[in-house]
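# Coordinate analysis (summary)
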Amino acid sequence: MNVLVTGGAGYIGSHAVRHLRAAGAHVVVADNLKQGHRAAVPPDVPFYQVDLRQTETLREILASQRIDSVMHFAALACVPESVTEPLRYYSNNVGGTLCLLEAMRATGVCKMVFSSTCAVIGVPSVLPIVETSPREPINPYGWTKLVIEQVLRDWSTADPEFGSVALRYFNVAGCAADGSLGEDHDPETHLIPILLQVALGQRSHVTLFGNDYPTPDGTCIRDYVHVDDLCEAHVRVLKAMQPGKSAVYNVGIGRGYSVQEVLEAARQVTGHLIPAQFGPRRPGDPPVLFADARQLMTELSWKPKFTDIRPIIETAWRWFRSHPAGYVD
Ligand SMILES: NC(=O)c1ccc[n+]([C@@H]2O[C@H](COP(=O)([O-])OP(=O)(O)OC[C@H]3O[C@@H](n4cnc5c(N)ncnc54)[C@H](O)[C@@H]3O)[C@@H](O)[C@H]2O)c1
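Sequence order sets the numbering: in each chain, residues are counted from 1 along the sequence as written. Confidence filtering applies because this is a predicted model: local features only for residues at pLDDT of at least 70, side-chain atom pairs given and counted only at 80 or more, and all residues used for totals across whole chains, interfaces and linings. Excluding hydrogens and water, the side-chain figures rest on all heavy atoms present in the structure.

Another point: the pairing of strand β2 (residues 26-31). Note on classification: 1.4 Å probe, protein chains only; a residue is buried when its accessible area is under 20% of the maximum for its type, exposed when over 50%, partly exposed between these limits. Numbering of helices and strands runs from the N terminus; a helix is a DSSP stretch of H or I covering at least four residues, while a strand is a stretch of E covering at least two. Extensive coverage of β2 is indicated by the burial of five of its six residues. Across five bridges, the pairing between strand β1 (residues 2-6) and β2 is parallel. By the bridge assignment for β2, Val-5 is matched with Val-29. Considered for its hand, the β-α-β crossover made up of β1, helix α1 (residues 11-22) and β2 is right-handed. DSSP calls a pair of strands paired once it identifies at least 2 bridges connecting them. By definition, the crossover connecting two strands over a helix is right-handed if that path, from the first strand to the second, turns clockwise as seen with the strands pointing away from the viewer.

Next comes the structure, spelled out in structure tokens:
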């Protein structure tokens, strides 16, 4: 396997690079470093600082590195930002992916694993969310991902050689077990990193958005999948990919934790009080999201190792404690 990892200097992509190499793949990373970190990519992995929209450069990389598959993580992924800057999101996530696909077509690269999201569903009418749940995104970020899912389906229909899998992630969390790879976003918007930054004294408190949701403790419920389990799923679907087929799988652990429960778990893991205060609800936050991932489990024998929030937070804490300033680059 010769795999191009787009966004391989980012949080999930950098973990995927490690999993792919452990599976024996030759890995090449393309990332514009707008969010990612050069230091997250091992020095012996060929690295190209390139934007997805530089089609000609991508073509040269795909050809010269003899790439046969792409894991496509590169995207802008901040929901509130997508609401205020929709054009930037469509240009980057849709425009960028079209350029990448164009470069793949020109060089005969026929396999893609695509990072999709449960944001393509919007507010689910039935839980748990299944792959066939109605898709009604409620923000531009979700729409950019849904558009690309459709593009991939259409390409597979038109071209019997092209295979793709869109993995719809729920909340990705945790870090490499040895604490050497982690999550370093600026600005950080994810709950667990923010809780750990409070524990490190980098923030005075955490604001929890809404305590009047129709859930047992009034806070939102989300499905947290460990980044290593997610990356293991990527390698699995890439190995099993069929030409001319376009598939979609949910990736989650199939149960939700409330924001309050995650806070309590982070307090236990860190031994820190983690002061919290409640703020108003964020527009467009569904009360409960969790996955039915049985399709991935049944068809590809995927089984998450992390099914409890506490060990997930422990791996993240290992990273944050050992890298309080994030990646140095
Ligand atoms: N983190 C989550 O919980 C989560 C949930 C669902 C889906 N996803 C998806 O997973 C993928 C990875 O997410 P992440 O949390 O690792 O994000 P991240 O920001 O850490 O990584 C994305 C990487 O892509 C790069 N990038 C973005 N646009 C690019 C472009 N036009 N050209 C080249 N490089 C570009 C960034 O520099 C960054 O390194 C994204 O597609 C995101 O939508 C993430």
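Moving on, there is more to tell.
On to the state of the cysteines. A covalent bond between the sulfur atoms of two cysteines is what we call a disulfide. Here, the term disulfide refers to a pair of cysteine sulfur atoms separated by no more than 2.5 Å. In the structure shown here, the tally under the stated rule is zero disulfides. Here Cys-78 is not disulfide-linked; the sulfur of Cys-118 is the nearest cysteine sulfur, at 15 Å. Classification of Cys-78 as buried rests on a relative accessible area of 17%. With no disulfide of its own, Cys-110 lies 18 Å from the sulfur of Cys-99, the closest cysteine sulfur.

Buried and open spaces are told apart on a 1 Å grid over the protein atoms alone, a cavity being a set of points where a 1.4 Å probe fits but cannot get out and a pocket being an open set with protein on both sides within 12 Å along at least five of seven lines. Residues with an atom within 4 Å of a point are the lining residues. Grid points are joined across faces, edges and corners, and a volume is the space filled by probe spheres set on the points. Counted under the stated rule, the structure contains one cavity of 30 Å³ or more. Around the largest cavity, the lining residues are His-72, Ala-74, Ala-75, Asn-93, Thr-97, Phe-114, Thr-144, Lys-145 and Ile-148. Of all elements in the fold, only α4 (86-107) and α5 (140-158) reach the threshold of two or more residues within the lining of the largest cavity. The residue classification treats Ala, Val, Leu, Ile, Met, Phe, Trp, Tyr, Cys and Pro as nonpolar and Asp, Glu, Lys and Arg as charged. All others, Gly included, are polar. Each residue belonging to the lining of the largest cavity can be placed in one class, and the counts come to four nonpolar, four polar and one charged.

As a further point, take the layout of surface pockets. Any empty space left between atoms is shown by rolling a water-sized probe over those atoms. As a volume, the second largest pocket reaches approximately 160 Å³. Lining the second largest pocket are Ser-164, Val-165, Val-237, Ala-240, Met-241, Gln-242, Lys-245, Ser-246, Ala-247, Tyr-249 and Leu-300. Secondary-structure elements contributing two or more residues to the lining of the second largest pocket are β6 (163-169), α7 (227-240) and β11 (246-251). At three residues, the largest contribution of residues to the lining of the second largest pocket is made by β11. Split into classes, the residues belonging to the lining of the second largest pocket amount to seven nonpolar, three polar and one charged.

This brings us to the nonpolar core. To form a nonpolar core, buried Ala, Val, Leu, Ile, Met, Phe, Trp, Tyr and Cys residues must be joined to one another through side-chain atoms within 4.5 Å. Among the nonpolar cores identified, the biggest contains 36 residues, and Val-5, Ile-12, Leu-20 and Met-71 are the most heavily contacted of them. Every element with two or more residues in this core is listed here: β1, α1, β2, β6, α7, β11 and α9 (294-300). Tallying contributions element by element places α7 first for this core, with seven residues. Each domain's limits were defined by an automated method or a database of domain assignments. Counting contributing residues, this core receives three or more from each of domain 1 (2-172 + 224-250) and domain 2 (191-222 + 254-322). Aside from chain neighbours lying at most four places away, what touches Ile-12 is Phe-73, Tyr-169, Val-172, Val-227, Leu-230 and Cys-231. By size, the runner-up hydrophobic cluster in this structure holds 35 residues, among which are Ala-40, Val-198, Val-269 and Trp-319. Contacts are assigned to residue pairs with any non-hydrogen atoms lying within 4.5 Å of each other.

For the rest of this paragraph, the subject is the site of the ligand. The near set for a molecule or strand comprises every residue that places at least one heavy atom within 4 Å of it. The local shell around the ligand holds 30 residues, among which Asp-31, Phe-73, Tyr-141, Lys-145 and His-185 are the closest. Between Tyr-11 and the ligand, the recorded distance is 2.9 Å, taken from a backbone N or O atom to an oxygen atom. Polar contacts, as counted here, are pairs of nitrogen or oxygen atoms within 3.5 Å of one another; within protein the pair requires one atom able to donate a hydrogen and one able to accept it, and residues that are adjacent in sequence qualify only if both atoms are side-chain atoms. Interatomic distance of 2.8 Å between a side-chain N/O atom of Asn-92 and a nitrogen atom of the ligand. Protein coverage of the free-state accessible area of the ligand, which is 830 Å², stands at 95%. Secondary structure elements with two or more residues in the shell around the ligand: α1, β5 (111-117) and α5. Per-element accounting of the shell around the ligand gives the leading share, three residues, to β5. Accessible surface area values rest on a Shrake-Rupley calculation with a 1.4 Å probe, where residue burial reflects the displayed protein chains alone.

Here the residue pair Leu-127 and Pro-128 is connected by a cis peptide bond, since its omega of -5° sits within 30 degrees of zero. Here Pro-128 lies in the loop between β5 and α5. A cis amide bond links Asp-186 to the next residue, Pro-187, at an omega of 0°. Within the secondary structure, Pro-187 sits in the loop between β7 (171-173) and α6 (191-199). With a phi close to 45°, Ile-274 is a non-glycine residue in the positive phi region. Here Ile-274 lies in the loop between α8 (259-270) and β13 (276-279). Positive phi values are uncommon outside glycine, yet Ser-301 reaches one of about 55°. Looking at where Ser-301 falls in the secondary structure, it is placed in the loop between α9 and α10 (309-322).

Here we come to the packing of aromatic side chains. Aromatic rings considered in pairs are described by the distance between their centres and by the relative angle of their planes. Any two of the Phe, Tyr and Trp rings considered here, Trp counted by its six-membered ring, make a pair once their centres fall within 6.5 Å; the pair's planes then place it as stacked at under 30 degrees, edge-to-face at over 60, or tilted in between. Inspection of every chain in the model, using the stated rule, returns two aromatic pairs. Ring centres 3.7 Å apart and planes at 15° place the aromatic pair Trp-155 and Phe-162 in the stacked group. A relative accessible area of 0% places Phe-162 in the buried class. Ring centres of Trp-319 and Tyr-327 lie 4.8 Å apart, and the angle between their planes is 45°; on these two criteria the pair is classed as tilted. Accessibility assignment for this pair places Trp-319 and Tyr-327 in one class, buried. Over a ring means this: the NZ of a Lys or the CZ of an Arg is within 6 Å of the ring centre and within 35 degrees of the ring normal. When the ring centre of Tyr-257 is taken as origin, the NZ or CZ atom of Arg-255, which lies over that ring, is 3.8 Å away. When the ring centre of Tyr-213 is taken as origin, the NZ or CZ atom of Arg-281, which lies over that ring, is 4.0 Å away.

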